[in-house]
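Here is how the chains run, residue by residue.
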Amino acid sequence: MDPNHPAPTSGDPAAARPARWWHQAVPQRTTLAAIVVLGAVLTSWNLARGGDMSFYAAAARSMSESLPAFLSGSFDPGATVTLDKLAGFAVPQAISIHLFGMSTASLALPQVVEGAVATLAVAVVALRWLGARAGLVAAALAASTPIFVSMFGHPMEDGLLTMSLAVALVWWQRAALTRTWWPLLLAGLFVGVGFQAKMLQAWMVLPALVLATVIATAGPGARWRRATGHVAALLGAAIVASLAWSVVLGLLPTGDHPYFDGSTDDSVFAMVFGYNGVDRFLPGLWPGAVGALGAAVGHAGTHVADAWRTATAGRGGGGHSLLQLFSPRYASQVGWSWPAALTGIGIGAAWWWRRTAGREARVPAATLVALVVWLVTAVAVLSVLRLPHTAYVAGIGVQLAALGALGWWGAASLVDATDRRMRLVPVGLLVVQGAWWAWLARASSEPALLGAIAVGATVVTLVLLVVRWRRSDPIVASTRGRRTAAGLLVAAVVLGPACFSLQVLDAARDGSGGDASVGVGQGAFARGGTPERAFALGRGGGSSAGGRSAGTAAFTISAPDVVGGHTRLRADEAALVGAAQRAGGGQDGAPLFLTDSWRIAADVIGDTGDEVLTDGGFSGRVPVFTAAQVESIVRSGRTHLLVVASSAAATDPVRRAADDLGCRVVQHWGSTFADAAPGRSFGGRGTSFALERCS
């Protein structure tokens, strides 16, 4: 239902066959292809520069070389310990590494594909909801959303999550349009894929889809039974797809699966629902979950108690604010479309809500409800959390893109309204949008030229619309004139995020795999807080390129870097590997050594693919091995080499085993790794470590 060519609704004969892009006019298909390609170009401009955190890069390398590691989502090729989260996001990365070899580009390539699919999914939803032109606007907004442009160019779990939920929305919409249940199985399946990527965050879409399903299908008598069946199909598929992997591995005997990181009792559910779930709000609530991240991510009780103070002053909880999504740091990454989205919500509610009793408006209204409830749910959750990574805000990107297209559609349809009061809608949108963009551009230090282009477009559009109204009669206004006005509004809606996202052409402003963002770094890793090798395989570090700091350097277009990207082991890292090999480590399929630090193991696994047994997990507090088990491994001949961090506690199982076995130091190295001590926070002081041989 774009302003000039309404799309079929559920009351039309064509409703059983939802619109498809390949049935649209050639210019529209060509434009969509151009949007997807240009988005992919931006996303992949620095593909070979910014790598993933070495912990997850090592897991992808392990999964690419070992079927047991691939099936169990393990950190090491020998599948002795899993990641500290479900490893679904690493599956495409492992496949890419297996096909193209280990490199930064291989790690990041799957996310570029996921970004293209997400853009197409948003375009399909808007096409079937509002028409082809609105579908193009939605695609442009999705492809130019800054957090998407950076996130889909780096190896992060948020990319697969975002793509999966966008595709789930497509299948839900198909079920609503065709009034059939089977597409809901696929919608639930993709929610499950999102769960494998980022666990409980994927379920934030379920309340929206359930409520929208009821609105689209419920009615008197048998229709309520049909609605109940549809909801059951959706939820059943989502739960099965989400929990299948966890249940299967959890049912295996202890010796037949790797130790589940994030838990102290080898429980996959403690890892998923405790360590990565309720523990992030209320640390210690879930038995068996390691509570290392609880204090860093937030305490729900504190937020409730200090809600007024944090919302108004932004000082509660150590600087956290319940309005953080509207701060320059986060709004500049995802919030450029807020004025258009809010306009769309208002127009959609006025247009469809009173007509939901009629079949024609039921599905469009249900689509609006799905997007609004999903947006509200995500905003509520993300406002309470103290976000450790900027990429979390991608959780509202799909909704804002679709609702922003609705705002454009509504404003464009009212440009020539006979009721002059209705013309205040596009005027108000342009004024608020321009002011919002001007503030965001200034507050986020956007290059002046890019900001001026975006804000200037809104001013020019506003002036031209006013001139047009003074010179023409809306009753006899030409179709060409309406299309010109609609086109001007497109620029006024899309150019803000698009111009800001052009900053990724500067490698110093493209974020990293640890904190995806566009522009001057404001995230947790933007001020030198990360170790130099925290991000595996990346060129130039996590927050700078070519020796330039993103916070001080002028915007400069970097040469594209799309292929490869691999750093060698440092001299002392290489010396460690060489010494271990000379001492007999890694022979005949045996582990290279056993260590108490994933930071040591990750670099070695990521660069060599060798098996390294690792205790402590990501938090350093996970009892993968007891001291007795380490001693048993040594006595069995599986490995006789231990690498122990000098800062390890006396109770550390590897240190205790080394002392009990009387191991002798082969070689000692100084402060290479940022923090080899279990339990320390990420990015702590340097430490030393030693290779010890046990007889």
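Residues numbered from 1 in each chain as written. Predicted model: local features only at pLDDT ≥ 70, side-chain atom pairs only at ≥ 80, totals over all residues. Heavy atoms only, no water.

1. Comments concerning the packing of aromatic side chains
If you walk through the whole model with that rule in mind, you get 19 aromatic pairs. Each ring, one from Trp171 and one from Trp182, has its centre 6.0 Å from the other, and the planes form 55 degrees; the classification is tilted. Here Trp171 is found in helix H8 (residues 157–178), whereas its partner Trp182 is found in helix H9 (residues 182–198), with eleven residues between them in sequence. On the basis of relative accessible area, Trp171 is assigned to the partly exposed category, the value being 24%. Note on Trp182: relative accessible area 39%, which makes it partly exposed. Taken together through their ring pairs, the aromatic side chains of Phe55, Tyr56, Phe75, Phe89, Trp598 and Phe618 make up a single cluster. A cation sits over an aromatic face here: Lys198 above Tyr392, 3.6 Å from the ring centre. (Phe/Tyr/Trp six-rings, centres within 6.5 Å; stacked < 30°, edge-to-face > 60°. Helix = DSSP H or I, 4+ residues; strand = E, 2+ residues; numbered from the N terminus. Buried < 20%, exposed > 50% of the residue type's maximum accessible area, 1.4 Å probe, protein only. Lys NZ or Arg CZ within 6 Å of the ring centre and 35° of its normal.)

2. A closer look at the pattern of salt bridges
Inspection of every chain in the model, using the stated rule, returns six salt bridges. The shortest N-O distance in the salt bridge between Arg61 and Glu65 comes to 2.6 Å. Here the residue Arg61 and the residue Glu65 both occupy positions in helix H2 (residues 54–65), the gap between them amounting to four residues, near one helical turn. Judged by its relative accessible area of 11%, Arg61 is buried. When the shortest N-O distance is used, the salt bridge between Lys198 and Asp158 registers 2.4 Å. (Salt bridge = Lys/Arg side-chain N within 4 Å of Asp/Glu carboxyl O.)

3. Points about the environment of Ala394
Note on placement: Ala394 falls in the loop between helix H19 (359–384) and helix H20 (397–413). In sequence terms Ala394 and Gly159 are 235 residues apart; their C-alpha atoms lie 8.6 Å from each other. Setting aside chain neighbours within four positions, we find Ala394 in contact with Ile147, Phe148, Met151 and Thr162. (Contact = heavy atoms within 4.5 Å.)

4. Examining the confidence of the model for the chain
Per-residue confidence for the chain averages 84 on the pLDDT scale, and 83% of its residues sit at or above 70. Helix H14 (residues 300–305) is the least confidently modelled element of the chain, averaging 38 in pLDDT, while H9 averages 97, the highest of any element. Note that pLDDT drops below 50 for residues 1–15; the model gives that stretch 42 contacts with residues more than four away or on any other chain. Long-range and interchain partners of residues 539–547, a stretch whose pLDDT sits below 50, account for 19 contacts in this model, where long-range means more than four residues apart. (pLDDT = per-residue confidence, 0-100.)

5. Some words on the environment of Leu71
Topologically, Leu71 is positioned in helix H3 (residues 67–72). Counting along the chain gives 16 residues from Leu71 to Ala87, while the straight-line C-alpha distance between them is 9.4 Å.

6. Quick look at the nonpolar core
With 189 residues, the main nonpolar core has Phe75, Trp172, Trp352, Ile396, Trp408, Phe593 and Leu642 as its most contacted residues. For Phe593, the contacting residues outside a window of four places in its chain are Leu576, Ala580, Ile600, Val604, Glu611, Val612, Leu613, Thr639, Leu641 and Val643. (Core = buried A, V, L, I, M, F, W, Y, C linked by side-chain atoms within 4.5 Å.)

7. Some words on the pairing of strand S7 (residues 689–693)
Counting buried residues along S7, four of its five residues qualify, which places the element largely inside the surrounding structure. Inspection of the sheet shows strand S5 (residues 641–645) paired to S7 by five bridges, in the antiparallel sense. Considered in S7, the bridge of Ala645 is made with Phe689. Note that strand S6 (residues 664–669) and S7 share five bridges and pair antiparallel. What sits directly across from Trp669, in S7, is Phe689. (Pairing = 2+ DSSP bridges.)

8. Observations concerning the sheet that holds S7
Overall, mixed pairing links the five strands, which are arranged S4-S3-S5-S7-S6 in an open sheet. A single partner strand is all that each edge strand has here, and the edge strands are strand S4 (612–614) and S6. Pairwise comparison of adjacent strand axes, ignoring direction, gives a mean angle of 25 degrees for this sheet. Seen against the sheet, helix H24 (residues 571–582) touches strand S3 (593–595), S5, S6 and S7 and runs at an angle of roughly 160 degrees to S6. Against the sheet, helix H25 (residues 598–608) contacts S3, S4, S5 and S7, and its axis sits at roughly 155 degrees relative to S4. (Axes fitted to C-alpha atoms, helices over the stretch in contact; angles between N-to-C directions.)

9. What about a nonpolar patch on the surface?
Residues Ile95, Leu99, Phe100, Leu109 and Val113 make up a contiguous nonpolar surface patch of roughly 480 Å² in combined accessible area. For the nonpolar patch, the element with the highest residue contribution is helix H4 (residues 90–100), accounting for three residues. Mapped onto the elements, Val113 comes out in helix H5 (residues 104–130). With a relative accessible area of 48%, Val113 lands in the partly exposed category. (Patch = residues over 30% accessible without salt bridge, like charges linked within 9 Å, V, L, I, M, F, W, Y side chains within 5 Å. Areas by Shrake-Rupley, 256 points an atom, 1.4 Å probe, with all protein chains shown as cover.)

10. Structural notes on helix H6 (residues 132–144)
Given a rise of 1.5 Å per residue, 13 residues ought to cover 18 Å, and the 18 Å separating the end C-alpha atoms of H6 matches this to within 8%. What H6 keeps buried is the set Ala132, Ala134, Gly135, Leu136, Val137, Ala138, Ala139, Ala140, Leu141, Ala142, Ala143 and Ser144. (Expected span 1.5 Å × (residues − 1).)

11. Quick word on the packing of helix H26 (residues 627–635) against helix H27 (residues 653–661)
Running from N to C, H26 and H27 cross one another at 55 degrees; their axes reach a closest spacing of 8 Å. When the axes of H26 and H27 are compared, the pair comes out oblique. Relative to H27, H26 is oriented so that their crossing is right-handed. Across the interface between the two elements, Ala627, Val630, Glu631, Val634 and Arg635 from H26 touch Pro653, Arg656, Ala657, Asp660 and Leu661 from H27. Split by residue class, the contact of H26 with H27 holds six nonpolar, no polar and four charged. (Parallel < 35°, antiparallel > 145°, perpendicular 65-115°, else oblique. Left-handed = near helix turned anticlockwise from the far one by under 90°. Nonpolar A, V, L, I, M, F, W, Y, C, P; charged D, E, K, R; others polar.)

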